[in-house]
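Here are the chains, one letter per residue:
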Amino acid sequence: VKLETPNGHKLVKDEDAEEITVEEMSGNKMVMSPDGIMIESAKDLILSAGGDVTIEGTKISSAASDKYAAEGGSGAEVSSGGQTVIKGSMVAIN
């Protein structure tokens, strides 16, 4: 089943691939399938919540092609039950 507006917004339910795709005209896209959920943004992607944001998974990876920053307003913690590695051409602590 495919619904498409004259401006190029699309909703596709593909029974053979067992997936649902939502796409809008500027290139933002979300695909839900048995493999999981994929979200693509043509520009910025903003997650905002009035409460907590929790991300859980077997393995979590994040990367930035430019600067990567993480900040805690009242504290920050990095911990591991195994080896913890911090690498950089120069590492500044404090």
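So, here is what we can say about the structure in this document. Quantities reported herein were computed from a predicted structural model and do not represent experimental measurements.

The rules behind the values
- Residue indices begin from 1 for each chain and proceed along its sequence in written order.
- Under the rules for a predicted model, residues below a pLDDT of 70 receive no local features and side-chain atom pairs below 80 are neither given nor counted, while totals for whole chains, interfaces and linings still include all residues.
- Calculated side-chain values reflect all of the structure's heavy atoms, with hydrogen atoms and water omitted.
- Between any two strands, pairing holds if DSSP finds at least two bridges.
- Numbered from the N terminus, helices here are DSSP runs of H or I no shorter than four residues, and strands are runs of E no shorter than two.
- Geometry is summarised by axes, namely lines fitted to C-alpha atoms with helices restricted to the contacting stretch, and by angles between N-to-C directions that run from 0 to 180 degrees.
- Exposure classes here rest on a 1.4 Å probe applied to the protein chains alone. A residue is buried below 20% of its type maximum, exposed above 50%, and partly exposed in between.

Moving on, we get to the pairing of strand 4 (residues 29–33). Two elements, strand 3 (residues 19–23) and strand 4, share four bridges in a ladder whose sense is antiparallel. Directly across from Val-22, in strand 4, lies its bridge partner Met-30. The antiparallel pairing of strand 3 with strand 4 creates a hairpin that spans five residues between the two strands, and Gly-27 there sits at a positive phi of about 105 degrees. When strand 4 meets strand 5 (residues 36–40), the two strands line up antiparallel, connected through five bridges. Following the sheet pairing, Ser-33 is matched in strand 5 by Gly-36.

Adjacent strands of a sheet pair through backbone hydrogen bonds, lying either parallel or antiparallel. On the basis of which strands lie adjacent, the open sheet formed by five strands has the order 1-2-3-4-5 and antiparallel pairing. Lying at the two open borders of the sheet, with one neighbouring strand each, are strand 1 (2–4) and strand 5. Strand after strand, the sheet turns through a mean of 5 degrees between neighbouring axes, direction not considered. Relative to strand 3, strand 2 (residues 10–14) runs antiparallel, the two sharing five bridges. The partner of Val-12 across the bridge, within strand 3, is Thr-21.

With that settled, consider unusual backbone geometry. Most of the time, phi is negative for any residue but glycine, and the peptide bond is trans. Positive phi values are uncommon outside glycine, yet Glu-18 reaches one of about 55 degrees. Summarising the element assignment, Glu-18 is placed in the loop between strand 2 and strand 3. Under the relative-accessibility criterion, Glu-18 is labelled exposed at 55%. Look at Asn-94: it is not a glycine, yet its phi comes out positive at around 70 degrees. Tracing the backbone shows Asn-94 in the segment after strand 5.

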